[in-house]
Amino acid sequence: YLGGEPRSQAIADDVPAEMYSFSALPEYRQVKQTSDELEALGMPNPYFQSHDKATGNMTTINGVELVNFAGYNYLGLAQHPRVCEAAKQAIDQYGASVSASRLVSGERPIHAELEQAIADWVGVDAAVAMLGGHATNETTIGHLVRTGDLVLHDSLAHNSIIQGASLSGARRRPFPHNDWEELDQILHDIRRDYRRVLIVTEGVFGMEGDFPDLPRFIEIKKRHKAWLMVDEAHSIGTMGATGRGIAEHFKVAPGDVDIWMGTLSKALGSCGGYIAGSADLVEYLKYTAPGFVFSVGMPPSSAAAALEALKIIDEEPQRVTSLHRNAEVFLRIARQAGLDTGRSRQTPIVPVILGDSMMTMFVAQRMLLQGINVRPIIYPAVDESAARLRFFINSEHTEAQIRSTINILRQLCEDIRSEDSDFLSNGG
Ligand code: PMP
């Protein structure tokens, strides 16, 4: 270009700001509008609240101690001295980063140790550990199926499953939540129109705290010659007598599920994701899954932390037992108090459905003022009528904490219901 007016000027002038300016982006303006509305109502922004230190059954925000129901550190291992020490030792030994894809020069002994421990834990041949749970789903689902294939996933599947399915180019079709009969019918009707079929469900559903009838899903996948993938993000370490997940809960053979996916970020107190299954599946992914091959190897500290967490869960079985007891106590007392706990079934996730986004935000804020940290889940994350507080129970909660939390919540709900005036119009 040698000067003068650029020839393309006239065309560029016509492009509206929302096509190139982030401040005019309609999607961003939506986000901005919500935070402006909260501000106008005098409510503090509930997102990105900074916690001062490690969080378990308690947390500290701006120096204020709170009973914590907002994190998925289910077994209290994220801040366990042995887990932290293992991470530190791994850094001393291997450094903070492996500085390469594992395929190239990023492989360290701690990776194989962790993967063998996960495979043994799940009860299958092999496992591969990836950088994040979300990335694991995205790259694995995105890679295993393609155009001409079909992904059938639960209608409440996590975003990472939907993203993976969309990325794959396969047809993506949700089936009604946990409805294995409908799934069976869909497969009966359309299985023959597709090559590979991947069914995806979850061990425990993160918004609902319920779980699928796994033996039925296994039966169906066998009958229709499909792959079955189970995302155990919230069930590994939490379900089953010893925390081995939904297969242990239902006493099914782990080998009956083709693809076990899990995260290291919840019960295992670390960060990362895994796929566990047959040696063939794992070898295939290790050589070809883009999010594994073209990404750096897991930091040794994360691998070591998760490995130590698995050892502790085995050595201290009371952690899982006490999680189960707390989940049972919370659900029972909440129901006795007349709270709507939706579909939750004695898992560490208990929603309390309030059915109105603003009211949910308001109650969450009031709970905070009374020393309890629980997060609101509001529209559009869920339907307006399903707006809720989501309680994550962990093994460290005491019965007294659970009882007083439910009492406070029940009282708040009663106060709101008994108020005739529009409590929100004056900011509560
Ligand atoms: N799957 C499910 C069902 C999840 O709930 C989550 C995260 N909450 C993920 C995958 C992603 O895991 P991570 O946060 O470890 O990336």
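Residues numbered from 1 in each chain as written. Predicted model: local features only at pLDDT ≥ 70, side-chain atom pairs only at ≥ 80, totals over all residues.

A.B. asks: What is the right way to read the sheet that holds strand β6 (residues 197–202) from this model?
C.D. replies: Two modes of strand pairing occur in sheets, parallel and antiparallel, and in both the strands are linked by backbone hydrogen bonds. Within the open sheet, the 7 strands sit side by side as β3-β9-β8-β7-β6-β4-β5. Their pairing is mixed. With partners counted over all chains shown, the strands left at the sheet margins are β3 (126–130) and β5 (171–175), one partner each. Across the sheet, the mean angle separating the axes of adjacent strands is 20° when strand polarity is ignored. Sheet topology places strand β8 (residues 259–263) next to strand β9 (residues 273–277); 5 bridges connect them, and they run antiparallel. Directly across from G262, in β9, lies its bridge partner Y274. (Pairing = 2+ DSSP bridges. Helix = DSSP H or I, 4+ residues; strand = E, 2+ residues; numbered from the N terminus. Axes fitted to C-alpha atoms, helices over the stretch in contact; angles between N-to-C directions.)

A.B. asks: What is the right way to read the confidence of the model for the chain from this model?
C.D. replies: Do not read the predicted coordinates in detail wherever pLDDT is low. For the chain, the average pLDDT comes to 94, and 96% of its residues sit at 70 or higher. Confidence scores differ between elements of the chain, with helix α1 (residues 9–13) showing the lowest mean pLDDT of 72 and β9 the highest of 99. Note on the complex model: pTM 0.95, ipTM 0.99. (pLDDT = per-residue confidence, 0-100.)

A.B. asks: How should the site of the ligand be read in this particular structure?
C.D. replies: Looking at the ligand, there are 14 residues lining it, with G133, H158, A233, T263 and S265 nearest. Per element, the largest residue contribution to the shell around the ligand is 3 residues, and it comes from helix α6 (residues 133–144). A class-by-class count of the residues in the shell around the ligand yields 1 nonpolar, 11 polar and 2 charged. (Near = placed C-beta within 6 Å. Nonpolar A, V, L, I, M, F, W, Y, C, P; charged D, E, K, R; others polar.)

A.B. asks: Quick question: what am I supposed to make of the sheet that holds strand β11 (residues 372–373) here?
C.D. replies: Strands sit in the order β1-β2-β11 across an open sheet of 3 strands; the sheet is mixed. At either end of the open sheet lies a strand with only one pairing partner, and these are β1 (58–61) and β11. Of the pairings in the sheet, the one linking strand β2 (residues 64–68) to β11 comprises 2 bridges and is parallel in character. When the sheet's bridge partners are listed, N68 is paired in β11 with N373.

A.B. asks: Looking at this model, I keep getting lost on the pairing of β3. Mind explaining?
C.D. replies: Both faces of the sheet carry side chains from a regular strand, because those side chains alternate between them. Of all the 5 residues making up β3, 5 are buried; the element is thus mostly covered by neighbouring parts of the structure. Because side chains alternate across β3, one face comprises the buried residues A126, V128 and M130, and the other comprises A127 and A129, equally buried. (Buried ≥ 20, exposed ≤ 12 C-beta atoms within 10 Å, placed from the backbone.)

A.B. asks: Just checking my understanding: could you explain helix α16 (residues 399–418) for this structure?
C.D. replies: Counting along an α-helix, one turn takes 3.6 residues, and residues three or four places apart therefore face a common direction. The end-to-end C-alpha separation of α16 is 29 Å, in line with the 28 Å expected for 20 residues at 1.5 Å each. Three or more residues of α16 are buried, namely I402, T405, I406 and L409. Viewed along the axis of α16, the buried residues span an arc of 95°, placing them on a single side of the element. Relative to its buried face, α16 has exposed residues pointing more than 90 degrees away, namely A400, N407, E414, D415 and S418. Buried residues belonging to α16 abut β2, α14 (318–336), β10 (349–353), α15 (357–369) and β11. (Expected span 1.5 Å × (residues − 1). Arc of directions from axis to C-beta. Contact = placed C-beta atoms within 7 Å.)

A.B. asks: How do you make sense of the environment of V64 when you look at a structure like this?
C.D. replies: With respect to the helices and strands, the residue V64 is situated in strand β2. Sequence spacing of V64 and H51 is 13 residues, and the spatial spacing of their C-alpha atoms is 9.6 Å.

A.B. asks: Whenever I open this one, helix α2 (residues 26–40) confuses me. Can you help?
C.D. replies: Taking 1.5 Å of rise per residue, the 15 residues of α2 would be expected to cover 21 Å, and the 21 Å separating its terminal C-alpha atoms lies within 8% of that figure. Of all 15 residues in α2, 0 are buried, a share of ten percent or less. Immediately downstream of α2, the backbone of G42 shows phi near 75°, a positive value.

A.B. asks: Explain the pairing of β2 to me, please; I cannot follow it from the model alone.
C.D. replies: In the sheet, β1 pairs with β2 via 4 bridges, with the strands oriented antiparallel. Following the sheet pairing, M58 is matched in β2 by V67. Connecting β1 to the next strand, β2, in antiparallel fashion are 2 residues, including N62 with a positive phi near 50°.

A.B. asks: Help me out: how do you make sense of the packing of α6 against helix α7 (residues 159–168) in this one?
C.D. replies: The packing of two helices is summarised by the inter-axis angle and the distance between the axes. Between α6 and α7, the least distance of the axes is 7 Å, while the angle of their chain directions is 30°. In this view, α6 runs roughly parallel relative to α7, as classed from their interaxial angle. Here α6 and α7 pass one another in a crossing that is right-handed. Between α6, through G133, H134, N137, E138, T140, I141 and G142, and α7, the contact on the second element is made entirely by S160, I161, Q163, G164, A165, L167 and S168. Looking at the contact of α6 with α7 residue by residue, the class counts come to 4 nonpolar, 9 polar and 1 charged. (Parallel < 35°, antiparallel > 145°, perpendicular 65-115°, else oblique. Left-handed = near helix turned anticlockwise from the far one by under 90°.)

A.B. asks: How do you make sense of unusual backbone geometry when you look at a structure like this?
C.D. replies: Trans is the common state for peptide bonds, and a negative phi is the common state for residues other than glycine. Cis geometry is found at the peptide bond from Y379 to P380, where omega equals 10°. Locating P380 in the fold gives a position in the loop between β12 (375–377) and β13 (388–392). Residue S99 is not a glycine yet carries a positive backbone phi of 60°. Along the chain, S99 turns up in the loop between α3 (81–94) and α4 (102–106). According to the C-beta neighbour criterion, S99 is exposed, with 11 such atoms within 10 Å. In the Ramachandran plot, K251 falls in the positive-phi region, its phi being about 55° despite a non-glycine side chain. In this structure, K251 sits in the loop between α10 (246–250) and β8.

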